[in-house]
Amino acid sequence: MIIEPRMRGFICLTAHPDGCAQNVKNQIEYVKSKGAIDGAKKVLVIGASTGFGLASRITAAFGSGAATIGVFFEKAPSEGKTASPGWYNSAAFDHEAHQAGLYAKSINGDAFSKEIKDKTIELIKADLGQIDLVIYSLASPVRKHPDTEVLHRSTLKPIGGTYTNKTVDFHTGNVSTISIEPANEEDIANTVAVMGGEDWSMWIDALKAENLLAEGATTVAYSYIGPALTEPVYRKGTIGRAKDDLEATAFTITDKLKDLNGKAFVSVNKALVTQASSAIPVIPLYISLLYKVMKAEGIHEGTIEQIQRLFAERLYQGGDIPLDDKGRIRIDDWEMREDVQARVAQLWEEATTETLPAIGDLPGYRADFLSLFGFEIDGVDYQKEANEVVEIEGLV
Ligand code: NAI
């Protein structure tokens, strides 16, 4: 079928299999162009199909020749109906990995559930024996708690007072003012339940109980800090509480892994256009200004550049991993550079519907957003019939 983007609000309802495949190939080529990384050889990526998790799987496989198991929650295609982009990405990843002679298997289902953890454990037992790197990169609006069966919904709200600031509709370029009502205690608890560290910890407990973590095993989860101007809705809002909890969990996991000389880290990554971040008010305006400044400085990165640098220059650079005063890896160092932040803060003051085309990078934002779904990718013929029913070779 001929597949075109069909937008609804912050999401695109369609995805292009060939565009997603090309995206994956481009990321693979980037990692290969940067040279080999002396990293982990057996890697489990939880949240492996899009964004930072996909980039992690690609970097492990094509940077270090790792065998990878990817866990994700994506919609399969059917005749006349496209899959979600993460499905097509994973199909392309498994295919490229197999072509390169690498082990790659994939599990599609709810990573928060006991069933998917058990399925992953059985697969590791049967195929890999032990894992030496676990990447935890889930971004989800809901979590059904495996013990209580309560369905928790995360929110993106400020805490303590209403937050009013500028935002942009990235489809139209219209800059407006948005007010977000503060969270109550239940919102905070629910967001921590979904995006905090409990599930990460449960994964590590389950793997360790079955002796599936190798001596010196490492696990990494991803966090975000960002600038003062998004603080009320991000780092000091409900999602920030969840990130505080995730970051604290790194220390409790490290304690649990002591007997294996294992370690848990949180890496603070750069703000990027992903399905998760597009849904957060205020962030798209910040990102479009940030992109403009970072591109002008020649320091812009996408997910693959971020994760390749995380692996090559932090995790596996050969010495002690550099950490900040709170024990976190910082790969958001270029975003948080003083001159970059000062310039973005100044542009923020100036941003209106009229000025944004000149001072912000909305075309870059939109292009990144469309590319998440496999659209507007160089080298893909969108007039050509595409086969929407694509299988994931390594799906178990
Ligand atoms: P994403 O939306 O691109 O990826 C989310 C992944 O989680 C996908 O593979 C999806 O299939 C999987 N997933 C979601 N629910 C699942 C479930 N119930 N079971 C199994 N898999 C499930 O998100 P993104 O942006 O890559 O986020 C990953 C992590 O990086 C998050 O912790 C996020 O907070 C963090 N981060 C994101 C930044 C950004 O600007 N996008 C910046 C810094 C950190």
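These numbers come from a predicted model, not from an experiment.

A. Examining the nonpolar core more closely. Counting 90 residues, the largest nonpolar core has I58, F62 and F311 as its most contacted members. Filtering out sequence-adjacent residues up to four positions away, F311 remains in contact with I37, S56, T59, A60, L133, I135, Y222, Y316 and Q317. Core analysis: the next-biggest nonpolar cluster, separate from the first, contains 32 residues, I131, L213, L257 and V266 among them.

B. Local environment of the UniProt feature "active site" (unreviewed entry) in the protein. Residues given the UniProt feature "active site" (unreviewed entry) here are Y234. Judged by its relative accessible area of 7%, Y234 is buried. Aside from chain neighbours lying at most four places away, what touches Y234 is Y224, I225, I239, G240, K243, I280 and I283.

C. Molecular detail of the pattern of salt bridges. Tallied over the entire structure, the rule returns 25 salt bridges. A salt bridge links K105 to D127, with the shortest nitrogen-to-oxygen separation between them at 2.9 Å. With a gap of 22 residues between them, K105 in strand β5 (residues 104–108) and D127 in helix α4 (residues 114–128) connect regions that are remote in the sequence. Owing to a relative accessible area of 34%, D127 belongs among the partly exposed residues under this scheme. Across the salt bridge formed by K125 and E122, the nearest N and O atoms sit 3.8 Å from each other. Taken together, the residues span about one helical turn, with K125 and E122 both in helix α4 at a distance of 3 residues. You can call E122 partly exposed: its relative accessible area is 47%. Residues joined by salt bridges that share partners form a network here, namely R235, D244, E247, D324, R328, R330 and D332.

D. Local environment of a positive patch on the surface. Among the surface-exposed residues, R6, R8, K75 and K81 lie close enough to one another that they form a single positively charged patch. Here R8 is to be found in strand β1 (residues 7–8). The class for R8 is exposed, based on a relative accessible area of 57%.

E. Structural view of the pairing of strand β11 (residues 213–223). In terms of residue burial, β11 counts as a mostly covered element, since 9 of its 11 residues are buried. Inspection of the sheet shows strand β6 (residues 131–136) paired to β11 by 5 bridges, in the parallel sense. Bridged to I131 within β11 is L213. As for the winding sense of the linkage, the β-α-β connection from β11 through helix α7 (residues 238–256) to strand β12 (residues 263–268) is right-handed.

F. Structural context of the packing of helix α9 (residues 283–297) against helix α13 (residues 362–372). Put simply, α9 and α13 touch, their axes get as near as 8 Å, and they point 110° apart. In terms of axis orientation, α9 runs roughly perpendicular to α13. Across from P284, I287, S288, Y291 and K295 in α9, the residues of α13 making contact are L362, G364, Y365 and D368. Looking at the contact of α9 with α13, its residues break down into 5 nonpolar, 2 polar and 2 charged.

G. Spotlight on the side chain of H16. Relative to the assigned elements, H16 resides in the loop between β2 (11–12) and α1 (17–33). By relative accessible area, H16 is classed as buried at 0%. Beyond its immediate sequence surroundings of up to four residues, H16 is in contact with I3, Y88, F373, G374, F375, V380, Y382 and A386.

H. Here's a closer look at the UniProt feature "domain: Trans-2-enoyl-CoA reductase-like NAD(P)H binding" (unreviewed entry) in the protein. Following the UniProt record, one finds the feature "domain: Trans-2-enoyl-CoA reductase-like NAD(P)H binding" (unreviewed entry) at residues 2–79. What you have in residues 2–79 is 40% helix and 19% strand, and the ends, taken at the C-alpha atoms, are 13 Å apart.

What counts as what
- Residues numbered from 1 in each chain as written.
- Predicted model: local features only at pLDDT ≥ 70, side-chain atom pairs only at ≥ 80, totals over all residues.
- Heavy atoms only, no water.
- Core = buried A, V, L, I, M, F, W, Y, C linked by side-chain atoms within 4.5 Å.
- Buried < 20%, exposed > 50% of the residue type's maximum accessible area, 1.4 Å probe, protein only.
- Contact = heavy atoms within 4.5 Å.
- UniProt positions renumbered as here; feature names shortened; annotations may be inferred.
- Salt bridge = Lys/Arg side-chain N within 4 Å of Asp/Glu carboxyl O.
- Helix = DSSP H or I, 4+ residues; strand = E, 2+ residues; numbered from the N terminus.
- Patch = residues over 30% accessible without salt bridge, like charges linked within 9 Å, V, L, I, M, F, W, Y side chains within 5 Å.
- Areas by Shrake-Rupley, 256 points an atom, 1.4 Å probe, with all protein chains shown as cover.
- Lys, Arg positive; Asp, Glu negative; His and termini not counted.
- Charge placed at Lys NZ, Arg CZ, Asp CG, Glu CD.
- Pairing = 2+ DSSP bridges.
- Right-handed = clockwise from strand over helix to strand, strands pointing away.
- Axes fitted to C-alpha atoms, helices over the stretch in contact; angles between N-to-C directions.
- Parallel < 35°, antiparallel > 145°, perpendicular 65-115°, else oblique.
- Nonpolar A, V, L, I, M, F, W, Y, C, P; charged D, E, K, R; others polar.

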